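Coordinates in review
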Amino acid sequence: MGEIVNLNRVRKDRAKTEARATASANRAAHGRSKAERDRVEAERARAARLLDGSKLED
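Starting from 1, residues in each chain are numbered consecutively following that chain's sequence as written. With the structure being a predicted model, the display of local features is reserved for residues of pLDDT at least 70 and the display and counting of side-chain atom pairs for 80 or more, all residues being used for whole-chain, interface and lining totals. Hydrogens and waters are ignored; side-chain quantities use all the structure's heavy atoms.

Right, let's talk about a nonpolar patch on the surface for a bit. A surface patch of nonpolar side chains, amounting to about 250 Å² of accessible area, comprises Val5, Leu7 and Val10. Structurally, valine 10 is set in helix H1 (residues 7–30). Note on classification: 1.4 Å probe, protein chains only; a residue is buried when its accessible area is under 20% of the maximum for its type, exposed when over 50%, partly exposed between these limits. For valine 10, a relative accessible area of 34% corresponds to the partly exposed category. Patches here: salt-bridge-free residues with over 30% relative accessible area, like charges joined within 9 Å, nonpolar side chains (Val, Leu, Ile, Met, Phe, Trp, Tyr) joined within 5 Å. In these tables, accessible area is a Shrake-Rupley quantity obtained with a 1.4 Å probe, and a residue counts as shielded only by the protein chains included in the view. What makes a salt bridge here is a side-chain nitrogen of Lys or Arg within 4 Å of a carboxyl oxygen of Asp or Glu, nothing more. Strands here mean DSSP runs of E at least two residues long; helices mean DSSP runs of H or I at least four residues long; both are numbered from the N terminus.

Right under this line is the structure:
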């Protein structure tokens, strides 16, 4: 005979696990300091300038 499980508990546990995964992803995406965001933006701008400067004229 199988083990008896409480379906409400299983649903709640699954929801908590999904919420933790979502929170972890959000922390990775939005949990950066202002200095880190500025550094990444400066690198992105530098790369864009370098790419634009390397284009050949028609």
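Moving on, we come to the pattern of salt bridges. Taken as a whole and judged by the stated rule, the model has 3 salt bridges. Of the charged contacts, one joins aspartate 13 and arginine 9 as a salt bridge, the two residues approaching to 3.4 Å between their closest N and O atoms. One end of the pair is aspartate 13 and the other is arginine 9, both in helix H1 and 4 residues apart, which spans about a single turn. Relative accessible area serves as the criterion here: at 40%, arginine 9 is assigned to the partly exposed category. Between arginine 39 and glutamate 43 there is a salt bridge, and its shortest N-O distance comes to 3.2 Å. Taken together, the positions of arginine 39 and glutamate 43, both in helix H2 (residues 34–53) and 4 residues apart, correspond to about one turn of that helix. Owing to a relative accessible area of 46%, arginine 39 belongs among the partly exposed residues under this scheme. Overall, glutamate 43 belongs to the partly exposed group, its relative accessible area being 45%.

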